[in-house]
Amino acid sequence: MPEGHTIHRLAADYAGAFAAGDPLRVTSPQGKFTDAAALLDRTPLRTTDAHGKHLFLGFGGAPGATGPADWVHIHLGLFGKVTFGPAPAPPPTDTVRLRLADDASYVDLRGPTTCALITDGEKRAIHDRLGPDPLRPDADPDRAYRRISRSRTTIAALLMDQKVVAGVGNVYRAEVLFRHGIDPYRAGRDITAGQWEAIWADLVALMREGVRNNRIDTVRPEHTPEAMGRPPRVDDHGGEVYVYRRAHLPCHICGGEIRTADLAARNLFWCPACQRP
Ligand SMILES: [Zn+2]
């Protein structure tokens, strides 16, 4: 599943593709979003927004209005994909849920878990039930800590709970816990305020870099392949990491074996020597 940096990147890319504010052709070749697409057709994309793994495309609204009238709410889920291309758009396949197009470019959305037309109020309700997102300027990390510091749940599970922190997925949770030497099985209530402050600041920095580079890199300069004289990582996720998908390989720092286990329905990776209980 894409992590938050991918969704924020998509929000910027959608906005960049249609920044001119021209009315767009909005269609649903697959047919599952046809009525909503017809309502939005020939209106401009006014703005985009992202919160965690949720993407919002804002359309319409009266001139001078404070915000868009309608939002398309998108959650990619496990299988959703977005493809950008230059005009002319090729004939759409019947898997395209939503196509936006103008004279310069087109964007196709396929296979999302959610693609729905919602009101501004419904959008606010989605924000309200999500935890703070390290990539949003309005994020309040103390809100997350209030929940974490009261919880007996493991910090690894809490970091994946979108109601606690929004946008962190399996890669960032494993990597940030490694970078701070924190055992993934430590209970939330045993994480100190100082530790949380450091984790949050690190998530902000790592995820911003993820948006810029469109991939997840988490190793410090002294642990890059060049610095260590080791071969670069080979993995379809790209990026240099400490523990994610490195089960049974030697830790870049201590040389011990990276472990894996199932936690919160996803594979967890950690180094038991560097992340002591
Ligand atoms: Zn280690």
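Every value quoted in this text rests on a predicted model; they were computed, and no experiment measured them.

## Points about the pattern of salt bridges
According to the stated counting rule, one finds 14 salt bridges in the structure shown. Across the pair Arg 25 and Asp 103 runs a salt bridge whose closest N-O atoms are separated by 3.8 Å. With Arg 25 in strand 1 (residues 25-27) and Asp 103 in the loop between strand 6 (96-101) and strand 7 (105-110), this pair connects stretches of sequence that are 78 residues apart. Given a relative accessible area of 31%, Arg 25 falls into the partly exposed group. Asp 103 gets classed as exposed once you look at its relative accessible area, which sits at 71%. For Lys 123, the salt bridge identified is with Asp 49, shortest N-O distance 2.8 Å.

## What to know about the environment of Thr 192
With respect to the helices and strands, the residue Thr 192 is situated in the loop between helix 6 (170-179) and helix 7 (193-213). The class of Thr 192 is partly exposed, set by a relative accessible area of 42%. Each C-alpha atom of the pair Thr 192 and Ala 50 lies 29 Å from the other, and the pair is 142 residues apart in sequence.

## Examining the pairing of strand 6
On any regular strand, side chains alternate: one points to one face of the sheet, the next to the other face. For strand 6, a buried count of six out of six residues is recorded, marking the element as mostly surrounded by other parts of the structure. Pairing between strand 1 and strand 6: three bridges, direction antiparallel. Following the sheet pairing, Arg 25 is matched in strand 6 by Ala 101. Bridging between strand 6 and strand 7 involves five bridges; their strand directions are antiparallel. When the sheet's bridge partners are listed, Arg 99 is paired in strand 7 with Asp 108. Between strand 6 and strand 7, which pair antiparallel in sequence order, lie three residues.

## Comments concerning the packing of aromatic side chains
Applying the stated criterion to the full structure yields six aromatic pairs. Judged by centre distance (6.5 Å) and plane angle (85 degrees), the ring pair of Phe 56 and Trp 71 falls under edge-to-face. Note that Phe 56 is positioned in strand 3 (residues 54-59) and Trp 71 in strand 4 (residues 70-75), a separation of 15 residues in sequence. Each member of the pair, Phe 56 as well as Trp 71, is classed as buried.

## Thoughts on the domain arrangement of the chain
What the domain assignment reports for the chain is domain 1 (4-129) and domain 2 (141-270). Taking the mean C-alpha position of each, domain 1 and domain 2 sit 30 Å from one another. Each partner contributes residues to the interface: domain 1 has nine residues there, and domain 2 has 16 residues. Carbon and sulfur atoms supply 55% of the area that domain 1 and domain 2 bury against each other, a total of about 890 Å² over both sides. Together, His 5, Arg 9 and Lys 53 form the three largest contributors to the area buried by domain 1 at its contact with domain 2, with a combined 63%.

## What to know about the coordination of the zinc ion
Surrounding the zinc ion are the protein donor atoms Cys 251 (SG), Cys 254 (SG), Cys 271 (SG) and Cys 274 (SG), which sit 2.2 to 2.4 Å from the metal. Considering all four donor atoms around the zinc ion, angles at the metal cover 98 to 115 degrees and the coordination shape is tetrahedral. In the primary structure, the donors to the zinc ion are separated according to the pattern C-x2-C-x16-C-x2-C. On the criterion of sequence distance, the pair formed by Cys 251 in the loop between helix 8 (225-228) and strand 9 (259-263) and Cys 274 in the segment after strand 10 (266-270) is long-range, its members being 23 residues apart.

## Remarks on helix 6
Counting buried positions over the 10 residues of helix 6 gives 10, a clear majority of the element. Where the residues of helix 6 are buried, they touch helix 1 (4-17), helix 5 (155-160), helix 7, strand 9 and strand 10. Two residues or fewer after helix 6 comes Gly 181, characterised by a positive phi angle close to 65 degrees.

About the cut-offs
- Residues numbered from 1 in each chain as written.
- Predicted model: local features only at pLDDT ≥ 70, side-chain atom pairs only at ≥ 80, totals over all residues.
- Heavy atoms only, no water.
- Salt bridge = Lys/Arg side-chain N within 4 Å of Asp/Glu carboxyl O.
- Helix = DSSP H or I, 4+ residues; strand = E, 2+ residues; numbered from the N terminus.
- Buried < 20%, exposed > 50% of the residue type's maximum accessible area, 1.4 Å probe, protein only.
- Pairing = 2+ DSSP bridges.
- Phe/Tyr/Trp six-rings, centres within 6.5 Å; stacked < 30°, edge-to-face > 60°.
- Domains from an automatic or database assignment.
- Contact = heavy atoms within 4.5 Å.
- Buried area = accessible area lost by both parts, 1.4 Å probe.
- Donors = N, O, S within 2.8 Å, 3.2 Å for Na, K, Ca; no water.
- Tetrahedral: all angles 85-135°; square planar, octahedral: opposite > 155°, others 65-115°.

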